[in-house]
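Fold and geometry: a report
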Amino acid sequence: MSIYAVSYTYSDDVATRDEVRPSHRDFLRGLNAEGVVRASGPVDGGIGALVVLEAESAEDALRILDADPFQVRGVIAERGVRQWDVVIGGLAE
């Protein structure tokens with residue numbers, strides 16, 4: 001397994017984002033409890049987010065997050081994924 005950083009850029013649909021946020025956070029908390037999501041939170045004043053997770057590949061990381069209620073409801077305008085080789089800190093192996 002490798003660590004991947006997935007960035008979200010949100011759409012301008014704030015009403016849907018606010019409506020879906022509780023289920024979005026429950027989804028990520030569930031993945032955290034399973035050891036898949038290592039960290040997550042908003043960035044840049046809430047215009048997007050960063051999700052750090054373990055996966056077999058970049059494609060697998062995105063596939064896992066396809067079930068995120070924000071993705072399902074169209075709140076995410078753009079996603080990016082990068083493999084992250086952590087060498088120092090709490091996520092380092």
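Our structure is the block above this text.
Below you will find a few notes about this structure.

Procedures and definitions
- Residues numbered from 1 in each chain as written.
- Predicted model: local features only at pLDDT ≥ 70, side-chain atom pairs only at ≥ 80, totals over all residues.
- Heavy atoms only, no water.
- Helix = DSSP H or I, 4+ residues; strand = E, 2+ residues; numbered from the N terminus.
- Buried < 20%, exposed > 50% of the residue type's maximum accessible area, 1.4 Å probe, protein only.
- Areas by Shrake-Rupley, 256 points an atom, 1.4 Å probe, with all protein chains shown as cover.
- Lys, Arg positive; Asp, Glu negative; His and termini not counted.
- Charge placed at Lys NZ, Arg CZ, Asp CG, Glu CD.
- Pairing = 2+ DSSP bridges.
- Contact = heavy atoms within 4.5 Å.
- Axes fitted to C-alpha atoms, helices over the stretch in contact; angles between N-to-C directions.

Looking only at helices and strands, the protein chain has three helices and four strands in total. When the helices and strands of the protein chain are placed in sequence order, the string is β-α-β-β-α-α-β. Dimensions of the protein chain, computed from C-alpha atoms along their principal axes, come out at roughly 40 × 25 × 20 Å. The buried share among the 93 residues of the protein chain stands at 37%. On the protein chain, roughly 5500 Å² of surface is accessible, and the fraction owed to carbon and sulfur atoms is 49%. Positive and negative side-chain charges in the protein chain, numbering 9 and 16 respectively, have mean positions lying 4 Å apart.

Here the focus is the pairing of strand 1 (residues 2-10). In summary, the side chains of a regular strand alternate between the two faces of the sheet. Both strand 1 and strand 3 (residues 48-55) contribute to a ladder of eight bridges, which runs antiparallel. If you follow T9 over to strand 3, its bridge partner there is G48.

This part takes up the side chain of T16. Tracing the sequence through the fold places T16 in helix 1 (residues 14-33). For T16, a relative accessible area of 13% gives the class buried. Those residues in contact with T16, other than ones at most four positions away along the chain, are R73 and V75.

What follows is about the sheet that holds strand 3. In space, the four strands of this open sheet follow the order 2-3-1-4, with antiparallel pairing throughout. The two strands at the open ends of the sheet, each matched to only one other strand, are strand 2 (37-43) and strand 4 (76-84). Taken pair by pair, the neighbouring strands of this sheet meet at an average axis angle of 20°, ignoring direction. Pairing of strand 1 with strand 4 involves eight bridges; the strand directions are antiparallel. In the sheet register, S7 faces strand 4, and the bridge partner there is G80. Strands in contact with helix 1 are strand 1, strand 2 and strand 3; relative to strand 2, the strand with the most contacts, it is inclined by about 155°. Sheet contacts for helix 2 (residues 58-65): strand 1, strand 3 and strand 4; angle to strand 3, the most-contacted strand, approximately 120°.

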